[in-house]
Number of protein chains: 2
Amino acid sequence: MKLQQLHYIVEVLHNNLNVSKTAEHLYTSQPGISKQIRMLEDELGLEIFARSGKHLSHVTAVGEQIIGLAQEILSKTQAIKAVAAEHTHPQQGNLTIATTHTQARYTLPKVIAPFIQRYPEVSLHMHQGSPTQISEAAAQGQADFAIATEALHLYQSLVMLPCYHWNRSLLVQPGHPLAQVNKVTIEELGQFPLVTYVHGFTGRSELDNAFNNAKITPKIVFTATDADVIKTYVRMGLGVGVLASMAYEPEKDTDLVAIPAGHLFAASTTKIGFRRSTFLRAYMYDFIEGFAPHLSRSKVEQAMAMQRQEDIDALFSHMQLPTL
Amino acid sequence: MKLQQLHYIVEVLHNNLNVSKTAEHLYTSQPGISKQIRMLEDELGLEIFARSGKHLSHVTAVGEQIIGLAQEILSKTQAIKAVAAEHTHPQQGNLTIATTHTQARYTLPKVIAPFIQRYPEVSLHMHQGSPTQISEAAAQGQADFAIATEALHLYQSLVMLPCYHWNRSLLVQPGHPLAQVNKVTIEELGQFPLVTYVHGFTGRSELDNAFNNAKITPKIVFTATDADVIKTYVRMGLGVGVLASMAYEPEKDTDLVAIPAGHLFAASTTKIGFRRSTFLRAYMYDFIEGFAPHLSRSKVEQAMAMQRQEDIDALFSHMQLPTL
DNA sequence: AGTCGTTACGATGCCCGTAAGGATA
DNA sequence: TATCCTTACGGGCATCGTAACGACT
């Protein structure tokens with residue numbers, strides 16, 4: 001058994017059982033991978049991948065167990081490398097953040113600016129995607145951190161730490177009827193066509209919940225994955241924008257009116273997630289604390305030591321989180 | 001980084017930093033190990049072992065972290081092999097039990113007999129040693145199970161499950177004054193010379209506690225690591241034997257009188273311990289359940305999923321354990 | 001017909017073991 | 001002086017990449 005063989009079976013799984021694609025991604029030859037997998041299977045005396053003819057059709061039951069263990073092994077080899085790098089070059093390294101448009105555009109810039117100032121030798125990579133893609137990237141080790149409001153909880157291998165609460169604002173053109181109302185009700189809002197996020201993005205589920213609870217079917221005429229697109233269509237008069245408050249920029253959005261709507265919806269919580277088994281570099285702790293000041297290194301370590309997400313949630317349930 | 005390199009650094013640590021000894025144990029050449037370690041250090045850019053001249057003097061701080069991770073990696077490779085073996089040859093395998101004389105001689109035989117009947121193809125290895133040696137053997141992966149009353153708690157990587165409670169009996173020659181007493185008190189016992197276990201063996205600590213609490217200094221004239229030796233000296237009239245009740249065999253020890261002493265000492269609990277990270281074969285679950293019927297497979301799995309020993313203790317604190 | 005995994009083969013390079021060297025206790 | 005790690009060197013073997021083959025969609 002060799003580390004490379006374990007690496008191969010994991011990567012083949014992540015490439016939809018396509019060995020040729022895997023070979024490309026790993027910059028090696030396809031027969032090499034095939035042979036190593038075959039040798040591992042021979043050594044263990046079983047099939048990890050089931051073949052139908054000359055195609056890998058699916059992963060066997062034992063194969064899944066083995067690949068699971070292989071992933072843990074590989075992530076620990078990464079930890080060894082990280083420990084070594086931390087010791088030899090504490091200021092150098094990589095930081096890969098997978099996040100949504102909302103975070104990348106509105107909350108992360110003011111965190112990243114001081115970070116690259118402080119750690120010029122850390123090369124920063126940002127991946128943007130849907131909450132599901134982001135979570136998967138973190139779970140598979142492609143990203144160090146996933147920052148999102150949704151979907152993170154679907155991956156059990158991730159530690160999720162709450163960063164801040166936020167709520168929504170309504171965005172309308174000047175002169176819109178709602179701009180005159182003192183405190184908008186959910187019923188009033190339900191009478192206008194709405195422009196908001198698509199399902200599974202940026203706390204969209206809380207919007208649906210609020211309307212469901214009020215037994216109102218909202219007239220959602222347009223959905224987008226990011227606030228900039230929503231604003232564009234609000235400017236076109238398509239409807240009332242319902243978006244995260246931090247996406248409203250008073251200086252730039254002078255042609256639009258923001259109406260507080262925090263009383264209409266339950267607050268959402270943005271979380272940062274990472275694999276439990278990873279070794280966090282010092283600069284990673286610094287990044288987390290820069291993003292969410294209450295997540296000091298010791299608090300994060302405390303949370304990482306916990307196995308169950310419920311324990312982690314309990315740890316932070318007493319704390320006052322920032323609200324944006 | 002290769003698995004073999006990780007194996008080498010772990011083994012060198014377990015051999016007191018003596019590379020030559022390590023090479024013998026691993027049936028390979030000494031320069032081979034030296035070179036691989038050196039190559040790993042070069043790859044990581046740091047020293048795992050500090051050298052003074054041409055001797056390995058100690059493990060560096062980073063080295064300890066890395067070796068710790070290496071051990072976890074290696075134990076997971078063992079898990080992969082175990083998963084494979086379980087799938088291909090469910091009835092075959094090894095079972096190595098490290099235990100004390102007391103368990104090996106008096107409690108294990110009636111468990112092992114049916115076990116080898118049930119699993120004739122599992123080759124069984126028993127290692128006998130002091131509680132500390134036993135625990136270390138399990139912690140290092142040399143033994144699958146450690147069964148003992150003492151010292152197990154010193155190793156944090158071990159999961160410990162309580163098997164049964166037991167207490168002590170006094171053993172005297174017929175006609176001894178204590179044989180006439182109705183219910184022996186600790187004061188009465190303190191007046192006679194005692195023969196019992198040495199420190200750190202078979203619940204010896206509870207004996208000391210009882211005398212300490214009574215503010216009595218017992219006259220311990222002879223200590224041994226096993227009950228057979230204790231009995232021998234009781235037969236010679238050296239003193240009153242204080243030993244685990246299960247070590248008194250009515251059929252064989254007809255020339256001695258056993259006096260219940262459970263009311264004098266706090267009960268001890270014999271535990272079975274194994275590394276949290278190991279994959280347990282089906283026959284291993286069967287062995288555990290054979291030894292302690294309340295430790296069903298599901299209960300064991302439940303306990304293994306817990307990270308903290310306190311949680312495990314809590315799990316079993318509600319249960320009625322067998323008493324020998 | 002195209003995609004894909006397996007087999008075959010030759011060359012590179014790694015790893016092991018023996019032998020000799022130098023440092024320490 | 002004995003033990004012990006390091007360096008040097010040669011043989012063997014595993015691995016990799018190219019090329020050809022066979023099978024499934």
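Worth saying up front: this structure is predicted, and the values here are computed from it rather than measured.

**Side note on the pairing of strand S5 (residues 145-148) of chain A**
Residue and element names in this part refer to chain A. Because side chains alternate across S5, one face comprises the buried residues Phe145 and Ile147, and the other comprises Ala146 and Ala148, equally buried. Looking at chain direction, strand S3 (residues 93-99) and S5 are connected through three bridges and run parallel. Its bridge partner lying in S5, Thr99 is registered against Ile147. Across three bridges, S5 lies against strand S12 (residues 268-275) in antiparallel orientation. In the sheet register, Ile147 faces S12, and the bridge partner there is Ile272.

**Observations concerning the relation of the copies chain B and chain A**
When chain B is fitted to chain A, the residual RMSD is 0.1 Å, and the transformation amounts to a turn of 180 degrees plus an axial shift of 0.1 Å. Taken together, the rotation and translation describe the operation of a two-fold axis. It is B:Ile73 whose C-alpha, among those of chain B, lies nearest the rotation axis, at 2.6 Å. By residue overlap, the copies meet face to face through one surface: 100% of the interface positions of chain B are interface positions in chain A.

**Quick notes on the protein's contact with DNA strand D**
The environment of DNA strand D is formed by 21 residues, the closest being A:Lys2, A:Thr28, B:Ser20, B:Gln30 and B:Lys54. Each atom of DNA strand D within 4 Å of the protein belongs either to a base or to sugar and phosphate, the latter forming 74%. Side-chain polar atom of B:Asn18 to a phosphate oxygen of DNA strand D: 3.1 Å apart, as the coordinates give it. One of the side-chain N or O atoms of B:Arg51 is found 3.0 Å from a phosphate oxygen in DNA strand D. Broken down by element, the surface near DNA strand D gets its largest block of residues, four residues, from helix H3 (residues 30-44) of chain B.

**Digging into the pairing of strand S6 (residues 158-166) of chain A**
It is a general feature of regular strands that their side chains alternate between the two faces of the sheet. Residue and element names in this part refer to chain A. Burial within S6 is extensive, with eight of its nine residues counted as buried. Two elements, S6 and S12, share eight bridges in a ladder whose sense is antiparallel. Counted as the bridge partner of Leu161 is Ile272 from S12.

**Some details on the interface of chain B and chain A**
Opposite the 25 residues of chain B that make contact, chain A presents 25 residues. For chain B, the biggest contributors to the area lost against chain A are B:Met1, B:Lys76 and B:Ile80; these three give 26% of the whole. Here chain B is connected to chain A by two salt bridges. Of the charged contacts in the structure, one is a salt bridge between A:Glu72 and B:Lys76, with a shortest N-O distance of 2.7 Å.

**Digging into the sheet that holds strand S8 (residues 193-197) of chain B**
Residues and elements named next belong to chain B. With respect to topology, five strands assemble into an open sheet ordered S9-S8-S10-S7-S11, the strand pairing being mixed. One side of each edge strand has no neighbouring strand; the edge strands of this open sheet are strand S9 (219-224) and strand S11 (257-260). Taken over all neighbouring pairs, the strand axes of this sheet differ in orientation by 30 degrees on average, direction set aside. Relative to S11, strand S7 (residues 168-172) runs antiparallel, the two sharing four bridges. Paired with Ser169 across the two strands is Pro260, which belongs to S11. Across the sheet, helix H10 (residues 204-213) lies against S7, S8, S9 and strand S10 (240-244), angled at about 145 degrees from S8, the strand it touches most.

**So, the protein's contact with DNA strand C**
In the vicinity of DNA strand C there are 21 residues, among which A:Gln30, A:Ser34, A:Lys54, B:Lys2 and B:Thr28 approach most closely. Of everything in DNA strand C that lies within 4 Å of the protein, sugar and phosphate atoms constitute 71%. Contact between DNA strand C and A:Arg38: a phosphate oxygen at 3.1 Å from a side-chain N or O atom of the residue. Where the surface near DNA strand C is concerned, the elements lending two or more residues are helix H2 (19-25) and helix H3 (30-44) of chain A together with helix H1 (3-14) and H3 of chain B. Tallying contributions element by element places H3(A) first for the surface near DNA strand C, with four residues. When grouped by side-chain class, the residues that make up the surface near DNA strand C number six nonpolar, 10 polar and five charged.

Thresholds applied
Residues numbered from 1 in each chain as written. Chains lettered and ligands numbered in written order. Predicted model: local features only at pLDDT ≥ 70, side-chain atom pairs only at ≥ 80, totals over all residues. Heavy atoms only, no water. Buried < 20%, exposed > 50% of the residue type's maximum accessible area, 1.4 Å probe, protein only. Helix = DSSP H or I, 4+ residues; strand = E, 2+ residues; numbered from the N terminus. Pairing = 2+ DSSP bridges. Least-squares fit on C-alpha atoms with pLDDT ≥ 70 in both. Contact = heavy atoms within 4.5 Å. Near = heavy atom within 4 Å. Polar contact = N/O pair within 3.5 Å; in protein donor to acceptor, adjacent residues only side chain to side chain. Buried area = accessible area lost by both parts, 1.4 Å probe. Salt bridge = Lys/Arg side-chain N within 4 Å of Asp/Glu carboxyl O. Axes fitted to C-alpha atoms, helices over the stretch in contact; angles between N-to-C directions. Nonpolar A, V, L, I, M, F, W, Y, C, P; charged D, E, K, R; others polar.

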